[in-house]
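Read off the chains here:
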Amino acid sequence: MLESLFVSSIGVIGLITLFKVLMLYKPNSIHNKYLIVILSLIVLRFLVIGLFGLFFPDHSVDVLHNFNNVLIIVVPLIFLYLKNLFFNSKEFQYDDFFHLILPLFFVLLDISDKSQIETNSFETPSFLAFFLVYVLAYIALDYQLLKVNLWSKNSLIDTSKNHNKLLKKWSLSLFVFLFLVALRIVFSLYGNIKDITFTFSITNVLVSAIIWLFLFAILLLNTNILKGFKILKEH
């Protein structure tokens, strides 16, 4: 009960954050549109899981299974958000769509699995191993993006400026979130290989909720993040 209340409260805080972002974001900045999609998916996940846990506990396990795989879509969206944040893109890049093909395919397979149209299991070691490689690949892409644009001495972004320092911390926070997602998959994979049975409950969502509470707080207290990187080094 308390866990569901906590998760739904995080969802409400996320909803407030989303509304604030919608009021302040620049319509011509693609990175903010990706951010809005990310926040919408995360907020929807927390609200649905938390509210069902509070008012329809008998169906909470089914809801957890149905909404848990939203992270499959969020993983590439974070990469696209960071990429467009660094390059300050004004228009949608059509090659970005290719990053969404695989997660959308996952979601369709997941739906067919639950509808018993296919017999694929999304809790087998083989799938978890594949998903782990998938997440690690995007962690590598995000790391390379951060290294070239923020952590390198030859970076075009002047991180000595206060605004860019803030965005550096924000970008790093998203990277840490992805790393923790990968770590969670490792534990799930280990449990499957060792034939350890985990009770899937709302407790599994708490770590993610705590992380996103931190990210929501950063956005609420630092709306300048929406402006993106704007100060470059002079070479």
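Our structure's up above, just so we're on the same page.
Each residue is numbered by its place in its chain's sequence as written, counting from 1. Whole-chain, interface and lining totals are the exception, using all residues; otherwise, since this is a predicted model, local features are given only for residues with pLDDT of at least 70 and side-chain atom pairs are given and counted only at 80 or more. No hydrogens and no water enter the side-chain calculation; it runs on all heavy atoms of the structure.

Visitor: Describe a nonpolar patch on the surface, and please don't skip the residues or the numbers.
Guide: Put simply, a patch holds well-exposed residues, over 30% relative accessible area, that have no salt bridge, with like charges counted together within 9 Å and Val, Leu, Ile, Met, Phe, Trp or Tyr side chains within 5 Å. Methods summary: accessible areas were calculated by the Shrake-Rupley approach with a probe of 1.4 Å, and residue burial reflects only the protein chains presented. Any carboxyl oxygen of Asp or Glu within 4 Å of a side-chain nitrogen of Lys or Arg constitutes a salt bridge here. A cluster of nonpolar side chains, namely Tyr143, Trp151, Leu172, Val176, Phe179, Leu180 and Leu183, defines an oily patch on the protein surface of about 590 Å² accessible area. Secondary structure is summarised from DSSP: a helix means a run of H or I of at least four residues, a strand means a run of E of at least two, and numbering begins at the N terminus for each. Sorting elements by how many residues they give to the nonpolar patch places helix H7 (residues 162-193) first, with five residues. Here's how the labels work: a residue is buried when its accessible area is under 20% of the maximum for its type, exposed when over 50%, partly exposed in between, all with a 1.4 Å probe on protein chains only. Note on Leu180: relative accessible area 34%, which makes it partly exposed.

Visitor: Report on the environment of Pro103, specifying residues and quantitative values.
Guide: By the element assignment, Pro103 lies in helix H5 (residues 98-114). Should any heavy atoms of two residues lie within 4.5 Å, those residues are considered in contact. Apart from the residues within four sequence positions on either side, Pro103 is in contact with Ile72, Ile73, Pro76 and Tyr134.

Visitor: Requested: an account of the packing of aromatic side chains, with residues and values cited.
Guide: Two rings from Phe, Tyr or Trp (for Trp, the six-membered ring) form a pair when their centres are within 6.5 Å of each other. A pair whose planes differ by under 30 degrees is stacked, one over 60 is edge-to-face, and the rest are tilted. Counted under the stated rule, the structure contains five aromatic pairs. Geometrically, the ring pair formed by Phe177 and Trp212 is edge-to-face, given 5.1 Å between the ring centres and 70° between the ring planes. Of this pair, Phe177 sits in helix H7 while Trp212 sits in helix H8 (residues 203-221); the two residues are 35 residues apart in sequence, bridging distant segments of the chain. For Trp212, a relative accessible area of 1% puts it in the buried group. Site record: aromatic cluster; members linked through ring pairs are Phe79, Tyr134 and Tyr138.

Visitor: Give a description of empty space enclosed by the protein that names residues and reports values.
Guide: Using only the protein atoms, space was sampled on a 1 Å grid; points where a 1.4 Å probe fits but cannot get out form cavities, open sets with protein on both sides within 12 Å along at least five of seven lines form pockets, and lining residues are those with an atom within 4 Å of a point. Grid points are joined across faces, edges and corners, and a volume is the space filled by probe spheres set on the points. Tallied over the full model, the rule gives one cavity of 30 Å³ or more. As a volume, the largest cavity reaches approximately 40 Å³. Of all the secondary structure elements, the ones that give two or more residues to the lining of the largest cavity are helix H1 (2-24) and H8. Of the residues forming the lining of the largest cavity, the biggest block, three residues, is contributed by H1.

Visitor: Give a detailed account of the pattern of salt bridges, specifying residues and quantitative values.
Guide: Summed over the entire model, instances satisfying the criterion amount to one salt bridge. Residue Lys83 pairs with Asp96 through a salt bridge whose shortest N-O separation is 2.5 Å. Here the residue Lys83 occupies a position in helix H4 (residues 71-87), and Asp96 occupies one in the loop between H4 and H5, the gap between them amounting to 13 residues.

Visitor: So what's going on with the packing of helix H2 (residues 30-55) against H4? Which residues, and what values?
Guide: Under this scheme, a helix contributes an axis fitted over its contacting stretch, all axes are lines through C-alpha atoms, and angles between N-to-C directions fall in the 0 to 180 degree range. It is the contact of H2 with H4, at a shortest axis distance of 8 Å, that shows an interaxial angle of 160°. Our classification of the angle between H2 and H4 gives roughly antiparallel. The handedness of the crossing between H2 and H4 is left-handed. In this structure, H2 uses Ile30, His31, Tyr34, Leu35, Val37, Ile38, Leu41 and Ile42 to contact H4, whose residues at the interface are Leu71, Ile73, Val74, Leu77, Ile78, Leu80, Tyr81, Asn84 and Leu85. Any angle from 65 to 115 degrees is called roughly perpendicular, while one under 35 is roughly parallel, one over 145 is roughly antiparallel, and all others are oblique. By convention, the crossing between two helices is left-handed when the near helix turns anticlockwise from the far helix through less than a right angle, and right-handed when the turn is clockwise.

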